[in-house]
Amino acid sequence: MRLPALLIACCLLGAGCAIPTDPDGTLDRVRGGVMRVGMTEADPWAQMSDGRRSGVEVELVQRFAAGLDARIEWTDGSEEELFEELDEGRLDLVIGGITGRSPWKTKGAFTRPYATILSDQGKKEKHVMAARLGENDFLTELDFFLQRREGEIGERLEREGELRAQQSGAP
Amino acid sequence: MNEAARHFEMPSDKMAIHRKAVRLEKVTLAYFATAVAVVFAVLGSSQALKAAWIEDLLAFLPPIAFLIAARVRTREPDARFPWGYHRAVSIGYLFAALGLLLLGAYILLESAMKLATAEHPSIGAIELFGQPLWLGWLMLAALAYTGLPPVWLGRRKLVYAAELHDKVLYADAEMNKADWMTAGAAALGIVGIGVGLWWADSVAALIISVSIVRDGWKNMKAATGDLMDERATRYDSNEPHPLIEEMRSLLAGLPWIDEARVRVREQGHVLQVEAFVKPADGSCTLEHLDDARQRLMDLDWKVHDVVLAPVKVLPGEHGEAHD
């Protein structure tokens, strides 16, 4: 009874306020350094035209990186390639219209949903990003960042949705 | 209905305890319903938390078995079930134990696999009341809620189990009592993840699952033994029931009896007794037999169904099962 309590106390003291910690130190490395982001094209979340990246998620990642004083190193590929690299630790983050129902759940740590929209089939899609498994400090930082902007993202998606509806309604 | 299997089962003081036990099991069900909901709400990718959650789910089985058995067991013997329905309790016990064993094995395998493939558990954060909060802290709070109250429940049930000679209740009490260890191990796993030790979680889950498997195995053995008509044991299945020897020496002590042997099996709460007696001068009267049977029944409320057979040679002397 006394030993576990002692262990917990030591862990807490030793780690100070640094709970959670990244086993591989992702957040420390990214801060003021390089954030390696994998991207699959998915309209309207992440797009690429003429060498320029745009979309809701691209902007979010850019702002997140700016907050950490980090430069982004982009990698393009299919979801399968990107999640494989994420799992092996060669990427820090994967984006591109990933939802909570993605089959890649075991290869990446999904953030909590930061936007929920209705798909064309009328199903609820919960949009997430995927960090590397177990890098909980980095994941937590990203979660905080996204949740603080949940309202803002929702409003923006609504505006874009209306715009789109107008366009398709008046050809 | 034969007179040997009297309908009246427990003395009134035991009935009062049984009613308390029924109430306690209902409280247990209500409590675990909330506990399961609370842990499910914070269930992330922590293996240890999942193990603790499954153990909480399993905690439903013994109370349900107990409550069902409590309704069925007092039905009177009929043409189809001449020994009555007491064994409903033993069957409930077997199901509870099997569930324990299977799920323990499942968690054991899954945790070992996760450890072997070095899967890093991920726990993110949520915003609570405008404050960012790491989910791990919520998990620890949930574990405290599921780990502490069952210890009290278990202690109470242990007392009732001994009074009522009830093995389902005993298995349930043991499980509840072990709950703080499960919650503690899971908490260590979460703290481990927090400080960056990804393996701590799976190791904690492994430890929990080993304890679940051990509980399951022990109870399976006891439950199968009951259904195999194992010689009656005490409520904790650790030693032969003391009444067996008491009954034998009571019979052997009667002046008209030369030697006696008893076979006792359990029918849920109560004992079913077959006694063989060798009359001293080779014969006995019905009055003798009736008197001996009454003395056995008066020993303890658990002595419920007694068959007394005068014999020339005791069955055990030919290598048959005895006492």
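Cut-off values and rules
Residues numbered from 1 in each chain as written. Chains lettered and ligands numbered in written order. Predicted model: local features only at pLDDT ≥ 70, side-chain atom pairs only at ≥ 80, totals over all residues. Heavy atoms only, no water. Helix = DSSP H or I, 4+ residues; strand = E, 2+ residues; numbered from the N terminus. Rg over C-alpha atoms; globule rule 2.2 N^0.38 Å. Buried < 20%, exposed > 50% of the residue type's maximum accessible area, 1.4 Å probe, protein only. Contact = heavy atoms within 4.5 Å. Areas by Shrake-Rupley, 256 points an atom, 1.4 Å probe, with all protein chains shown as cover. Lys, Arg positive; Asp, Glu negative; His and termini not counted. Charge placed at Lys NZ, Arg CZ, Asp CG, Glu CD. Pairing = 2+ DSSP bridges. Axes fitted to C-alpha atoms, helices over the stretch in contact; angles between N-to-C directions. Core = buried A, V, L, I, M, F, W, Y, C linked by side-chain atoms within 4.5 Å. Expected span 1.5 Å × (residues − 1). Salt bridge = Lys/Arg side-chain N within 4 Å of Asp/Glu carboxyl O. Parallel < 35°, antiparallel > 145°, perpendicular 65-115°, else oblique. Nonpolar A, V, L, I, M, F, W, Y, C, P; charged D, E, K, R; others polar. Polar contact = N/O pair within 3.5 Å; in protein donor to acceptor, adjacent residues only side chain to side chain. Arc of directions from axis to C-beta. Patch = residues over 30% accessible without salt bridge, like charges linked within 9 Å, V, L, I, M, F, W, Y side chains within 5 Å.

Novice: Describe the overall build of chain B, and please don't skip the residues or the numbers.
Specialist: Looking only at helices and strands, one finds 10 helices and 5 strands in chain B. At 25 Å, chain B has a C-alpha radius of gyration far larger than the 20 Å of a compact globule built from 323 residues. Dimensions of chain B along its principal axes, counting C-alpha atoms only, are 90 × 40 × 30 Å. Within chain B, buried positions represent 50% of all 323 residues. Considering only intrachain contacts with a sequence separation of at least 6, the fraction spanning at least 24 residues in chain B is 74%. Surface summary for chain B: the accessible area is close to 14700 Å², and the carbon and sulfur share equals 63%. Looking at charge distribution, chain B has the averaged site of its 32 positive side-chain charges lying 2 Å from that of its 39 negative ones.

Novice: So what's going on with the sheet that holds strand β5 (residues 303-310) of chain B? Residues and values would help.
Specialist: Residues and elements named next belong to chain B. Taken in spatial order, the 3 strands of this open sheet run β3-β4-β5, and their pairing is mixed. Strand pairing shows two members of the sheet lacking a second neighbour, β3 (257-267) and β5, which therefore form its edges. Across the sheet, the mean angle separating the axes of adjacent strands is 20° when strand polarity is ignored. As defined by bridge partners, β3 adjoins strand β4 (residues 270-279) across 10 bridges and the pair is classed as antiparallel. Paired with Glu259 across the bridge in β4 is Lys278. Where helix α10 (residues 286-299) meets the sheet, its contacts fall on β4 and β5, and the angle it forms with β5 comes to roughly 150°.

Novice: Now, about the nonpolar core: what can you tell me, with residues and values included?
Specialist: Grouped together as the largest cluster of nonpolar side chains are 60 residues, with contacts concentrated most on Leu49(B), Phe66(B), Ile123(B), Leu143(B), Leu169(B) and Ile190(B). For this core, the secondary-structure elements that each account for two or more residues are α1 (12-42), α2 (47-58), α3 (61-72), α4 (88-116), α5 (135-147), α6 (149-164), α7 (167-194) and α8 (198-227) of chain B. Considering each element in turn, this core owes the most residues, 11 residues, to α7(B). Beyond its immediate sequence surroundings of up to four residues, Leu169(B) is in contact with Ala21(B), Glu25(B), Phe66(B), Lys157(B), Tyr160(B), Ala161(B) and Leu164(B). Met35(A), Ala42(A), Leu60(A) and Leu133(A) belong to the second largest nonpolar core, which has 32 residues in total.

Novice: Now, about helix α5 (residues 136-148) of chain A: what can you tell me, with residues and values included?
Specialist: All names here are of chain A. When the terminal C-alpha atoms of α5 are compared, their 18 Å separation across 13 residues agrees well with the 18 Å that a helix rising 1.5 Å per residue should span. Counting buried positions over the 13 residues of α5 gives 10, a clear majority of the element. Within α5 the residues assigned to the buried category are Asn136, Phe138, Leu139, Thr140, Leu142, Asp143, Phe144, Phe145, Leu146 and Gln147.

Novice: Residues and numbers for the pattern of salt bridges, please.
Specialist: Scanning all chains against the criterion turns up 28 salt bridges over all chains. Note that Glu152(A) is salt-bridged to Arg63(A), the shortest N-O span being 2.9 Å. Highlighted residues: Glu152(A) in helix α6 (residues 150-169) and Arg63(A) in helix α3 (residues 56-67), separated in sequence by 89 residues. The class for Glu152(A) is partly exposed, based on a relative accessible area of 41%. A salt bridge links Arg90(A) to Glu85(A), with the shortest nitrogen-to-oxygen separation between them at 3.8 Å. Judged by relative accessible area, Arg90(A) falls into the partly exposed class, the value being 43%. Several salt bridges share partner residues, and in doing so they unite Arg87(B), Asp229(B), Arg263(B), Arg265(B) and Glu274(B) into one network.

Novice: Hey, could you go over the packing of α4(B) against α7(B) for me, with residue numbers and the actual values?
Specialist: Residue and element names in this part refer to chain B. Following both chains from N to C, one finds α4 and α7 inclined at 25°, their axes separated by 9 Å at the closest point. On the basis of their axis angle, the class for α4 and α7 is roughly parallel. When α4 is examined against α7, the residues Val89, Tyr93 and Leu100 are found in contact with a partner set consisting of Lys167, Val168, Ala171 and Met175. Of the residues contributing to the contact of α4 with α7, the split by class is 6 nonpolar, no polar and 1 charged.

Novice: Lay out the side chain of Glu55(B) in plain terms, naming residues and giving numbers.
Specialist: Residues and elements named next belong to chain B. Its location among the elements puts Glu55 in helix α2. One buried charge, Glu55, has no salt-bridge partner; the nearest side chain with opposite charge is Arg214, at 9.9 Å. In terms of polar contacts, Glu55 uses its side chain to reach the side chain of Thr182, at 2.4 Å. Ignoring sequence-local partners within four residues, the contact set of Glu55 consists of Met175, Asp179, Thr182 and Ile212.

Novice: Quick one: what's the story with unusual backbone geometry, residue by residue and with numbers?
Specialist: Going from Asp43(A) to Pro44(A), the amide bond is cis rather than trans, its omega being 0°. With respect to the element layout, Pro44(A) can be found in the loop between β1 (34-39) and β2 (47-49). Within the chain, Asp69(A) stands out as a residue other than glycine whose phi angle is a positive 65°. Assignment of secondary structure puts Asp69(A) in the loop between α3 and β4 (71-76). The exposure class assigned to Asp69(A) is exposed, which follows from its relative accessible area of 62%. A positive phi is found at Ala118(B), a non-glycine position, where the angle reads about 55°. Structurally, the position occupied by Ala118(B) is in the loop between α4 and β1 (125-128).

Novice: Quick one: what's the story with helix α4 (residues 79-87) of chain A, residue by residue and with numbers?
Specialist: Residue and element names in this part refer to chain A. Those residues of α4 not exposed but buried are Leu82, Phe83 and Leu86. Buried residues along α4 cover an arc of 95° about the axis, so they all sit on one side. The elements touched by buried residues of α4 are β1, β4, β5 (93-95), β6 (109-110) and β9 (130-131). Backbone geometry just downstream of α4 places Gly89 in the positive-phi region, at approximately 85°.

Novice: Quick one: what's the story with a nonpolar patch on the surface, residue by residue and with numbers?
Specialist: All names here are of chain B. There is a patch of nonpolar side chains on the surface, built from Leu98, Leu102, Leu103 and Tyr106 and spanning about 350 Å² of accessible area. Position of Leu103 among the secondary structure elements: in helix α4. Judged by relative accessible area, Leu103 falls into the partly exposed class, the value being 30%.

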